[in-house]
Amino acid sequence: MAQDALPNIVLILADNLGWGELGCYNGGLVRGAPTPRIDALAAEGLKFLNFNVESDCVPTRSALMTGRMPIRTGALQSVPAGLPQGLIPWEITLAQLLSARGYATGIYGKWHLGDREGRYPKDRGFDEWYGIPRTTNESMFTSTPGYDPAVVGLPYVMEGRKGEPARNLEVYDLEMRRRIDGELIARTGDFMRRQVTAKRRFFAYVPLTQMHFPTLPHRDFAGRTGAGDFADSMVEMDYRVGQVLDELQALGVAENTLFFFGSDNGPEFRRPWRGTAGMWRGTYHTSMEGSLRVPFIARWPGKIAPGRVSNEIIHITDLFPTLARVTGAAVPQDRPIDGVDQLDFILGRQEKSNREGFVFYIKQEMRAAKWRDWKMHMVWEPEPNTGPIHLETPWIFNVTRDPKEETEVGTEYNWVRAPFRRMIDAFQASLKQHPPIPPGAPDDYVPAGR
């Protein structure tokens, strides 16, 4: 694509938003929370019914930023402050690819891929950042009896710019937890306005904090629905997405902006903030379909036909090579990239996705694999922390006929094991050829043979 025709890119990523929450995914009013702006967005573009992510916050964000399965990058799970975590500098991020193509890059929200100098977003391809380095539940620290900041430091909302040290702005407490998404959207709008004035293409990555626990709405939305904090927070999230859409329209750039909205993983499982995956079973931190499938919508006026709905398999890693092609960026050739280019599918030039399946890890253990309409579980744990059962003979389910994964059909459909085994063997052979980066690897770590 010619440089002067490159689109702006906006990616809003909700936190722990289940497949069944939004109106356009059979939630909305059913959940006590109408979502008219996101529902309208879905009608204006492509709504994915089979968009797949990783088990929780860190691995999904790692997969998004690198196009690589988290087992390769070592960014496998949330880690408390002060311990090694995130992506090592050797990894190449999506923001770095787009920055190299002349894009202004900004992130407003939750990073969760490194919480020290050298690993903050402003060190990893983003020109500017405002948000939190780790996770929203840290906002509960200062309200917890016995909390000792001498043992575990105060959590902060932070700010950083490329080439400058990051700095703490405000303690991330429960009151700031209520306010933060409003501030994220205000700063996103300011970023976009500045780039339009400068006539520069931009990538705005907006990882919101809703619907992560504690799920608390802004004071302006508290009591809005009469259905409690969770529903009020849903309505706030819908409003925030609408604010970004309205800003793009006001700036006159909506027609040349590729806009994504989705979630980082399946619904919250902690009560009283538990969400729903709708027809699918499970929450995040499992290998159930409700963990893997999340809402995801793409809009690009004049490029993506409105009103499209697809049940084709897409994986979060696919955004990396797809956006590389959109912007003319070069995908790294010196490492395995697990994502596949889906641009022709997204634009409607082909009916089928370029992906038939994928393997699924939780931390360093392969738990399941998905292929076409089928799911194979090697480890069974449908509810977090109930204890994994390592199956001597993997269980197979047809998730089209059995969305709750209740009827094992491996004996009846034994032939399905063959394509699963080929996919798994190929991935494991790749891991032997390109050994994974160990979790907690230091900044100067370079994989063997690179």
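The text that follows walks through the structure, step by step, so that each part is easy to find. (Residues numbered from 1 in each chain as written. Predicted model: local features only at pLDDT ≥ 70, side-chain atom pairs only at ≥ 80, totals over all residues. Heavy atoms only, no water.)

1. Some remarks on the overall build of the protein chain
Working step 1: When you go through the protein chain residue by residue, the secondary structure sums to 10 helices and 15 strands.
Working step 2: Here the C-alpha radius of gyration of the protein chain, 21 Å, is about what a compact globule of 450 residues would show, namely 22 Å.
Working step 3: Its C-alpha atoms put the protein chain at 60 × 55 × 45 Å along the principal axes.
Working step 4: In the protein chain, of all internal contacts separated by at least 6 residues, the share reaching a separation of at least 24 is 68%.
Working step 5: For the protein chain, the exposed area adds up to about 16800 Å²; of that, 51% sits on carbon and sulfur atoms.
Working step 6: Separation of charge centres in the protein chain, based on 53 positive and 55 negative side chains, amounts to 3 Å. (Helix = DSSP H or I, 4+ residues; strand = E, 2+ residues; numbered from the N terminus. Rg over C-alpha atoms; globule rule 2.2 N^0.38 Å. Contact = heavy atoms within 4.5 Å. Areas by Shrake-Rupley, 256 points an atom, 1.4 Å probe, with all protein chains shown as cover. Lys, Arg positive; Asp, Glu negative; His and termini not counted. Charge placed at Lys NZ, Arg CZ, Asp CG, Glu CD.)

2. Thoughts on the nonpolar core
Working step 1: Phe48, Phe51, Met65, Phe203, Tyr205 and Phe260 are the most contacted members of the largest nonpolar core, which totals 48 residues.
Working step 2: The leading source of residues in this core is helix α8 (residues 319-327), at five residues.
Working step 3: Those residues within four positions of phenylalanine 260 in sequence are excluded, and the remaining contacts are Ile9, Val10, Leu11, Ile12, Phe296, Ile297, Ala298, Leu319 and Leu323.
Working step 4: Counting 46 residues, the second-largest nonpolar core is a separate cluster that includes Tyr108, Ile132, Ile185 and Ile297. (Core = buried A, V, L, I, M, F, W, Y, C linked by side-chain atoms within 4.5 Å. Buried < 20%, exposed > 50% of the residue type's maximum accessible area, 1.4 Å probe, protein only.)

3. A word on the side chain of glutamate 159
Working step 1: Within the fold, glutamate 159 resides in strand β5 (residues 156-161).
Working step 2: A relative accessible area of 17% means that glutamate 159 is categorised as buried.
Working step 3: Of note is the side chain of glutamate 159, whose polar atom sits 2.7 Å from the side chain of arginine 167.
Working step 4: There is a polar contact of 3.0 Å between the side chain of glutamate 159 and the side chain of arginine 187.
Working step 5: If sequence neighbours within four positions are ignored, glutamate 159 has contacts with Trp129, Tyr130, Ala166, Arg167, Leu169 and Arg187. (Polar contact = N/O pair within 3.5 Å; in protein donor to acceptor, adjacent residues only side chain to side chain.)

4. Notes on the pattern of salt bridges
Working step 1: Tallying each qualifying case throughout the model produces 40 salt bridges.
Working step 2: Residues glutamate 170 and arginine 179 are paired through a salt bridge, measuring 2.4 Å at the closest nitrogen-oxygen approach.
Working step 3: When the shortest N-O distance is used, the salt bridge between glutamate 289 and arginine 293 registers 2.7 Å.
Working step 4: For glutamate 289, a relative accessible area of 0% corresponds to the buried category.
Working step 5: The structure contains a network of salt bridges with shared partners spanning Glu289, Arg293, Lys370, Lys375 and Glu405. (Salt bridge = Lys/Arg side-chain N within 4 Å of Asp/Glu carboxyl O.)

5. Observations concerning the packing of helix α5 (residues 174-197) against helix α6 (residues 229-251)
Working step 1: Where α5 meets α6, the axes come as close as 10 Å, and the angle between the chain directions of the two elements is 10°. One way to sum up the angle between α5 and α6 is to call them roughly parallel. Of the residues in α6, those in contact with Arg178, Asp181, Gly182, Ile185, Gly189, Met192, Arg193 and Val196 of α5 are Glu236, Arg240, Gln243, Val244, Glu247, Leu248 and Leu251.
Working step 2: For the contact of α5 with α6, the class distribution of residues is six nonpolar, three polar and six charged. (Axes fitted to C-alpha atoms, helices over the stretch in contact; angles between N-to-C directions. Parallel < 35°, antiparallel > 145°, perpendicular 65-115°, else oblique. Nonpolar A, V, L, I, M, F, W, Y, C, P; charged D, E, K, R; others polar.)

6. Some thoughts on the sheet that holds strand β13 (residues 365-371)
Working step 1: Taken together, the four strands give an open sheet; going across it, the order is β12-β13-β14-β15, and neighbouring strands pair in antiparallel fashion. Edge positions in the open sheet fall to β12 (357-362) and β15 (389-398), since each of these has one partner strand only. The mean angle between the axes of side-by-side strands here comes to 20°, regardless of whether they run parallel or antiparallel.
Working step 2: Taken together, the six bridges between β12 and β13 define a ladder with antiparallel strand orientation. Within β13, the position partnered with tyrosine 361 by the bridge is methionine 366.
Working step 3: The sheet contacts of helix α10 (residues 417-433) involve β12, β13, β14 (374-380) and β15, and relative to β13 the element is tilted by about 135°. (Pairing = 2+ DSSP bridges.)

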